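# Breakdown of the fold
So the chains spell out like this:
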Amino acid sequence: MSAEESAPYGQSPAAPPEAVPAPPSRIRTHHLAKAKEAGQRFAMVTAYDQYMAGIFDEAGIEVLLVGDSAANNVLGHETTLPITLDEMVMFSRAVTAGSRRALVVADLPFGSYQVSPGQAVESAVRLMKEARVHAVKLEGGAHFADHVRAITRAGIPVMGHVGFTPQSEHALGGYRVQGRGAAARAVLEDALAIEAAGAFSVLMEMVPAETAAEVDRALKVPTVGIGAGAGTTGQVLVWQDMLGLGQGKVPRFVKRYADLRSIVSGAARAYRDDVLAGTFPGAEHSF
(Lines give C-alpha, C1' and ligand atoms only; values in the text may rest on other atoms or scores of the structure.)
Protein backbone atom coordinates (compact mmCIF):
# COMPACT_ATOMS: atom_id res chain seq x y z
CA MET A 1 0.00 0.00 0.00
CA SER A 2 1.38 3.43 -0.93
CA ALA A 3 1.91 6.22 1.60
CA GLU A 4 -1.01 8.09 0.07
CA GLU A 5 -3.34 5.07 0.35
CA SER A 6 -2.33 4.46 3.98
CA ALA A 7 -3.01 8.04 5.10
CA PRO A 8 -6.13 8.53 7.28
CA TYR A 9 -9.23 9.54 5.33
CA GLY A 10 -9.38 13.27 4.70
CA GLN A 11 -5.70 13.82 5.54
CA SER A 12 -2.73 14.26 3.29
CA PRO A 13 0.11 11.80 3.68
CA ALA A 14 2.79 12.95 6.09
CA ALA A 15 5.62 14.79 4.41
CA PRO A 16 8.99 13.08 4.69
CA PRO A 17 11.18 14.68 7.34
CA GLU A 18 13.66 17.18 6.01
CA ALA A 19 17.08 15.72 5.52
CA VAL A 20 19.44 16.82 8.29
CA PRO A 21 22.87 17.65 6.91
CA ALA A 22 25.50 15.23 8.11
CA PRO A 23 28.19 16.81 10.25
CA PRO A 24 31.41 17.44 8.36
CA SER A 25 33.97 14.68 8.48
CA ARG A 26 36.56 17.33 9.33
CA ILE A 27 36.01 20.84 10.61
CA ARG A 28 37.57 23.34 8.24
CA THR A 29 38.16 27.07 8.48
CA HIS A 30 35.12 27.77 6.29
CA HIS A 31 32.91 25.92 8.77
CA LEU A 32 33.93 28.44 11.44
CA ALA A 33 33.20 31.29 9.04
CA LYS A 34 29.74 29.84 8.39
CA ALA A 35 29.15 29.55 12.14
CA LYS A 36 29.71 33.28 12.55
CA GLU A 37 27.49 34.08 9.56
CA ALA A 38 24.73 31.97 11.13
CA GLY A 39 25.14 33.47 14.59
CA GLN A 40 26.40 30.17 15.98
CA ARG A 41 29.27 29.50 18.36
CA PHE A 42 32.07 26.94 18.53
CA ALA A 43 34.32 25.53 21.24
CA MET A 44 38.09 25.38 21.27
CA VAL A 45 40.34 23.76 23.87
CA THR A 46 44.05 23.09 24.16
CA ALA A 47 45.47 19.61 23.63
CA TYR A 48 49.03 18.32 23.75
CA ASP A 49 48.76 14.53 23.42
CA GLN A 50 46.84 11.89 21.51
CA TYR A 51 44.59 10.72 24.34
CA MET A 52 43.18 14.10 25.35
CA ALA A 53 42.94 15.05 21.69
CA GLY A 54 40.86 11.93 21.06
CA ILE A 55 38.58 12.59 24.04
CA PHE A 56 37.92 16.19 23.04
CA ASP A 57 37.46 15.18 19.42
CA GLU A 58 34.85 12.56 20.35
CA ALA A 59 33.11 15.13 22.57
CA GLY A 60 32.53 17.32 19.52
CA ILE A 61 35.00 20.11 20.29
CA GLU A 62 35.37 21.93 17.00
CA VAL A 63 38.92 23.27 17.35
CA LEU A 64 41.96 21.84 19.16
CA LEU A 65 44.75 24.28 19.96
CA VAL A 66 48.24 22.89 20.40
CA GLY A 67 49.25 25.88 22.46
CA ASP A 68 52.71 27.03 23.39
CA SER A 69 51.08 26.87 26.82
CA ALA A 70 52.50 23.34 26.80
CA ALA A 71 55.61 25.11 28.10
CA ASN A 72 54.08 25.81 31.51
CA ASN A 73 51.30 23.20 31.53
CA VAL A 74 53.33 20.18 30.42
CA LEU A 75 57.05 20.97 30.52
CA GLY A 76 57.07 22.84 33.82
CA HIS A 77 58.40 26.21 32.66
CA GLU A 78 57.19 29.38 34.33
CA THR A 79 56.18 30.99 31.03
CA THR A 80 55.50 30.02 27.42
CA LEU A 81 58.77 31.53 26.21
CA PRO A 82 61.19 28.56 26.49
CA ILE A 83 59.26 26.07 24.32
CA THR A 84 60.94 25.38 20.98
CA LEU A 85 59.59 24.81 17.51
CA ASP A 86 60.87 21.22 17.63
CA GLU A 87 58.83 20.63 20.80
CA MET A 88 55.77 22.22 19.22
CA VAL A 89 56.13 19.90 16.24
CA MET A 90 56.27 16.91 18.60
CA PHE A 91 53.17 17.92 20.58
CA SER A 92 51.28 18.86 17.43
CA ARG A 93 52.03 15.54 15.76
CA ALA A 94 50.56 13.72 18.77
CA VAL A 95 47.37 15.79 18.62
CA THR A 96 46.80 15.33 14.91
CA ALA A 97 47.36 11.59 15.38
CA GLY A 98 44.69 11.48 18.08
CA SER A 99 41.99 13.55 16.38
CA ARG A 100 39.72 12.71 13.49
CA ARG A 101 37.25 15.59 13.15
CA ALA A 102 38.49 18.71 14.91
CA LEU A 103 40.41 21.51 13.23
CA VAL A 104 43.92 21.41 14.73
CA VAL A 105 45.69 24.76 15.17
CA ALA A 106 49.28 24.99 16.45
CA ASP A 107 51.00 27.98 18.02
CA LEU A 108 54.13 29.41 16.47
CA PRO A 109 56.37 29.62 19.55
CA PHE A 110 58.41 32.62 20.62
CA GLY A 111 61.43 33.13 18.39
CA SER A 112 60.07 31.12 15.48
CA TYR A 113 58.50 33.98 13.52
CA GLN A 114 59.48 37.38 14.95
CA VAL A 115 62.67 37.78 12.88
CA SER A 116 61.00 38.07 9.49
CA PRO A 117 58.01 37.00 7.39
CA GLY A 118 60.30 34.47 5.76
CA GLN A 119 61.14 32.88 9.10
CA ALA A 120 57.44 32.79 9.92
CA VAL A 121 56.68 30.91 6.71
CA GLU A 122 59.48 28.39 7.31
CA SER A 123 58.24 27.68 10.84
CA ALA A 124 54.62 27.38 9.74
CA VAL A 125 55.61 25.00 6.95
CA ARG A 126 57.31 22.73 9.49
CA LEU A 127 54.15 22.53 11.59
CA MET A 128 52.04 21.78 8.53
CA LYS A 129 54.43 19.31 6.91
CA GLU A 130 55.92 17.48 9.91
CA ALA A 131 53.04 17.69 12.39
CA ARG A 132 50.17 17.76 9.87
CA VAL A 133 48.28 20.55 11.61
CA HIS A 134 45.59 22.40 9.70
CA ALA A 135 46.46 25.98 10.70
CA VAL A 136 48.88 27.98 12.81
CA LYS A 137 48.37 30.74 15.37
CA LEU A 138 50.56 33.79 15.67
CA GLU A 139 50.66 36.37 18.47
CA GLY A 140 50.78 40.07 17.68
CA GLY A 141 48.82 42.80 15.97
CA ALA A 142 49.40 45.16 13.07
CA HIS A 143 53.18 44.90 13.43
CA PHE A 144 52.95 41.26 12.31
CA ALA A 145 50.49 41.77 9.47
CA ASP A 146 53.23 41.13 6.90
CA HIS A 147 54.06 37.85 8.62
CA VAL A 148 50.43 36.75 8.49
CA ARG A 149 50.20 37.79 4.85
CA ALA A 150 53.32 35.81 3.94
CA ILE A 151 52.10 32.65 5.69
CA THR A 152 48.65 32.79 4.10
CA ARG A 153 50.21 33.37 0.67
CA ALA A 154 52.09 30.12 1.24
CA GLY A 155 48.72 28.40 1.54
CA ILE A 156 48.70 28.06 5.33
CA PRO A 157 45.65 29.27 7.32
CA VAL A 158 46.51 31.67 10.15
CA MET A 159 44.67 32.50 13.36
CA GLY A 160 45.69 35.84 14.84
CA HIS A 161 46.09 36.56 18.56
CA VAL A 162 45.65 40.07 19.98
CA GLY A 163 45.01 41.69 23.34
CA PHE A 164 47.20 40.10 25.96
CA THR A 165 49.90 38.10 24.20
CA PRO A 166 51.78 35.83 26.65
CA GLN A 167 54.96 35.81 24.56
CA SER A 168 55.19 39.57 25.20
CA GLU A 169 54.42 39.42 28.92
CA HIS A 170 57.67 41.15 29.90
CA ALA A 171 57.04 44.02 27.51
CA LEU A 172 53.43 44.27 28.69
CA GLY A 173 54.37 44.32 32.38
CA GLY A 174 53.02 40.89 33.26
CA TYR A 175 49.60 39.32 32.98
CA ARG A 176 47.42 42.38 32.60
CA VAL A 177 44.10 43.04 30.89
CA GLN A 178 44.57 44.84 27.57
CA GLY A 179 42.21 47.20 25.77
CA ARG A 180 40.73 49.18 28.63
CA GLY A 181 39.41 52.64 27.89
CA ALA A 182 41.26 54.43 25.09
CA ALA A 183 43.42 51.34 24.53
CA ALA A 184 40.37 49.54 23.13
CA ARG A 185 41.00 51.24 19.80
CA ALA A 186 44.43 49.63 19.56
CA VAL A 187 42.96 46.14 20.02
CA LEU A 188 40.41 46.83 17.29
CA GLU A 189 43.03 48.18 14.90
CA ASP A 190 45.29 45.19 15.53
CA ALA A 191 42.44 42.76 14.84
CA LEU A 192 41.43 44.59 11.66
CA ALA A 193 45.02 44.57 10.42
CA ILE A 194 45.37 40.85 11.02
CA GLU A 195 42.06 40.18 9.28
CA ALA A 196 43.10 42.32 6.30
CA ALA A 197 46.34 40.33 6.09
CA GLY A 198 44.35 37.15 5.54
CA ALA A 199 43.77 35.60 8.98
CA PHE A 200 40.76 33.27 9.07
CA SER A 201 40.09 34.03 12.74
CA VAL A 202 41.34 36.29 15.53
CA LEU A 203 41.77 35.22 19.16
CA MET A 204 41.47 37.84 21.89
CA GLU A 205 42.93 37.23 25.34
CA MET A 206 42.22 39.16 28.55
CA VAL A 207 40.27 41.92 26.85
CA PRO A 208 37.22 43.66 28.40
CA ALA A 209 34.01 42.01 27.24
CA GLU A 210 32.68 45.22 25.69
CA THR A 211 35.86 45.69 23.66
CA ALA A 212 35.88 42.09 22.49
CA ALA A 213 32.24 42.28 21.42
CA GLU A 214 32.95 45.45 19.46
CA VAL A 215 35.85 43.74 17.70
CA ASP A 216 33.69 40.72 16.86
CA ARG A 217 31.06 42.99 15.33
CA ALA A 218 33.70 44.82 13.29
CA LEU A 219 35.34 41.70 11.86
CA LYS A 220 33.97 39.50 9.13
CA VAL A 221 36.02 36.54 10.35
CA PRO A 222 35.10 34.64 13.54
CA THR A 223 36.71 35.56 16.83
CA VAL A 224 37.78 33.40 19.75
CA GLY A 225 37.86 34.63 23.32
CA ILE A 226 39.75 33.68 26.45
CA GLY A 227 38.98 36.11 29.24
CA ALA A 228 37.15 38.25 26.67
CA GLY A 229 33.51 37.85 27.64
CA ALA A 230 30.68 36.13 25.81
CA GLY A 231 30.58 38.32 22.71
CA THR A 232 33.08 36.34 20.66
CA THR A 233 32.19 33.64 18.14
CA GLY A 234 34.16 30.92 19.92
CA GLN A 235 35.71 30.31 23.33
CA VAL A 236 38.96 28.59 24.31
CA LEU A 237 40.35 27.29 27.60
CA VAL A 238 43.49 25.45 28.62
CA TRP A 239 42.33 21.92 29.34
CA GLN A 240 44.27 21.54 32.59
CA ASP A 241 42.50 24.64 33.91
CA MET A 242 39.09 23.57 32.61
CA LEU A 243 39.34 20.09 34.13
CA GLY A 244 41.04 21.03 37.38
CA LEU A 245 44.30 19.19 36.94
CA GLY A 246 46.43 21.98 38.35
CA GLN A 247 46.40 23.43 41.81
CA GLY A 248 46.29 26.90 43.26
CA LYS A 249 44.41 29.94 42.03
CA VAL A 250 43.07 29.89 38.50
CA PRO A 251 42.43 32.95 36.32
CA ARG A 252 39.08 34.68 36.76
CA PHE A 253 37.98 33.67 33.27
CA VAL A 254 38.37 29.92 33.92
CA LYS A 255 35.39 27.72 34.71
CA ARG A 256 36.31 24.31 36.14
CA TYR A 257 34.14 21.54 34.77
CA ALA A 258 35.82 18.73 36.74
CA ASP A 259 38.33 18.09 39.51
CA LEU A 260 40.70 15.68 37.82
CA ARG A 261 43.47 16.34 40.31
CA SER A 262 41.43 14.76 43.10
CA ILE A 263 40.32 11.84 40.91
CA VAL A 264 43.85 11.04 39.71
CA SER A 265 45.33 11.53 43.17
CA GLY A 266 42.74 9.20 44.71
CA ALA A 267 43.43 6.54 42.08
CA ALA A 268 47.18 6.79 42.62
CA ARG A 269 46.77 6.43 46.39
CA ALA A 270 44.50 3.39 45.94
CA TYR A 271 47.05 1.80 43.60
CA ARG A 272 49.89 2.37 46.08
CA ASP A 273 47.81 0.99 48.95
CA ASP A 274 47.10 -2.18 46.94
CA VAL A 275 50.78 -2.63 46.09
CA LEU A 276 51.90 -2.17 49.69
CA ALA A 277 49.18 -4.51 50.94
CA GLY A 278 50.06 -7.16 48.37
CA THR A 279 46.55 -7.16 46.91
CA PHE A 280 47.77 -6.02 43.50
CA PRO A 281 48.51 -7.79 41.31
CA GLY A 282 45.90 -10.41 42.07
CA ALA A 283 45.45 -13.78 40.41
CA GLU A 284 43.31 -12.16 37.71
CA HIS A 285 46.23 -9.88 36.78
CA SER A 286 48.79 -12.67 36.58
CA PHE A 287 49.71 -15.21 33.89
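Residues numbered from 1 in each chain as written. Predicted model: local features only at pLDDT ≥ 70, side-chain atom pairs only at ≥ 80, totals over all residues. Heavy atoms only, no water.

In the nomenclature of an unreviewed UniProt entry, the protein corresponds to 3-methyl-2-oxobutanoate hydroxymethyltransferase from the organism Zafaria cholistanensis. Per UniProt, the protein has the following entry under Subcellular location (unreviewed entry): "Cytoplasm". Taken from UniProt, the Function (unreviewed entry) comment for the protein reads in full: "Catalyzes the reversible reaction in which hydroxymethyl group from 5,10-methylenetetrahydrofolate is transferred onto alpha-ketoisovalerate to form ketopantoate." (UniProt positions renumbered as here; feature names shortened; annotations may be inferred.)

### Some remarks on the UniProt feature "binding site: 3-methyl-2-oxobutanoate" (unreviewed entry) in the protein
According to UniProt, the feature "binding site: 3-methyl-2-oxobutanoate" (unreviewed entry) maps to Asp-68, Ser-69, Asp-107 and Lys-137 in the numbering used here. Across 70 residues of sequence, these annotated residues stay compact in space, with a maximum C-alpha separation of 12.4 Å. By secondary structure assignment, the location of Ser-69 is in the loop between strand 2 (63-66) and helix 4 (70-73). For Ser-69, the contacting residues outside a window of four places in its chain are Thr-46, Tyr-48, Val-74, Thr-80 and Val-238. Residue placement: Lys-137 occurs in strand 4 (residues 135-139). Accessibility expressed as a relative area gives 2% for Lys-137, which makes it buried. When near neighbours in sequence (up to four residues on either side) are disregarded, Lys-137 contacts Leu-65, Val-105, Ala-106, Asp-107, Leu-108, Met-159, Gly-160, His-161 and Leu-203. (Helix = DSSP H or I, 4+ residues; strand = E, 2+ residues; numbered from the N terminus. Contact = heavy atoms within 4.5 Å. Buried < 20%, exposed > 50% of the residue type's maximum accessible area, 1.4 Å probe, protein only.)

### Some remarks on the environment of Gly-39
Mapped onto the fold, Gly-39 is located in the loop between helix 2 (29-37) and strand 1 (42-46). Sequence separation between Gly-39 and Thr-233 is 194 residues, and the spatial gap between their C-alpha atoms is 7.9 Å.

### With respect to the UniProt feature "binding site: Mg(2+)" (unreviewed entry) in the protein
Summarizing the sequence annotation, UniProt attributes the feature "binding site: Mg(2+)" (unreviewed entry) to Asp-68, Asp-107 and Glu-139 in the numbering used throughout. Spanning 72 residues, the named residues nonetheless gather at one spot, since no C-alpha pair among them exceeds 10.8 Å. Relative to the elements of secondary structure, Asp-68 occurs in the loop between strand 2 and helix 4. Among the residues examined, Asp-68 registers a relative accessible area of 4% and is labelled buried. When near neighbours in sequence (up to four residues on either side) are disregarded, Asp-68 contacts Thr-80, Ile-83, Met-88, Asp-107, Glu-139 and Gln-167. Mapping Asp-107 onto the fold places it in strand 3 (residues 103-107). Classification of Asp-107 as buried rests on a relative accessible area of 3%. Among all residues touching Asp-107, those that are not within four sequence positions of it are Leu-65, Val-66, Gly-67, Asp-68, Met-88, Leu-127 and Lys-137.

### A closer look at unusual backbone geometry
Residues Phe-280 and Pro-281 are joined by a peptide bond in cis, for which omega reads 0°. The residue Pro-281 is located in the segment after helix 12 (260-277) in this model. Even without glycine at this site, Arg-132 takes up a positive phi of about 65°. On the secondary structure map, Arg-132 appears in the loop between helix 6 (117-131) and strand 4.

### A closer look at the packing of helix 5 (residues 85-98) against helix 6
Describing two packed helices takes the angle between their axes plus the distance from one axis to the other. Orientation of helix 5 relative to helix 6, taken along the N-to-C sense of each, is 35°, at an axis distance of 9 Å. Helix-helix and strand crossings are classified by hand; for helix 5 and helix 6 the assignment is right-handed. Contacts between helix 5 and helix 6 involve Leu-85, Asp-86, Met-88, Val-89, Ser-92, Arg-93 and Thr-96 on the former and, on the latter, Ser-123, Arg-126, Leu-127, Glu-130 and Ala-131. Partitioning the contact of helix 5 with helix 6 into residue classes produces five nonpolar, three polar and four charged. (Axes fitted to C-alpha atoms, helices over the stretch in contact; angles between N-to-C directions. Left-handed = near helix turned anticlockwise from the far one by under 90°. Nonpolar A, V, L, I, M, F, W, Y, C, P; charged D, E, K, R; others polar.)

### Brief notes about the packing of aromatic side chains
Following the criterion strictly, the structure yields four aromatic pairs and no others. An angle of 65° between the planes, with centres 5.5 Å apart, marks the rings of Tyr-113 and Phe-144 as edge-to-face. Highlighted residues: Tyr-113 in the loop between strand 3 and helix 6 and Phe-144 in the loop between strand 4 and helix 7 (145-153), separated in sequence by 31 residues. Relative accessible area serves as the criterion here: at 13%, Phe-144 is assigned to the buried category. (Phe/Tyr/Trp six-rings, centres within 6.5 Å; stacked < 30°, edge-to-face > 60°.)

### Some points on the domain arrangement of the protein
Under the domain assignment used here, the protein contains domain 1 (29-256) and domain 2 (259-286). In this structure, domain 1 and domain 2 have C-alpha centres spaced 38 Å apart. (Domains from an automatic or database assignment.)

### Some remarks on the environment of Glu-205
Inspection of the secondary structure assignment puts Glu-205 in strand 6 (residues 201-205). Spatially, the C-alpha atoms of Glu-205 and Val-236 are 9.6 Å apart, while their sequence positions differ by 31 residues. Once you skip the residues sitting within four places of it in the chain, Glu-205 turns out to touch His-161, Val-162, Gly-163, Phe-164, Pro-166 and Ile-226.

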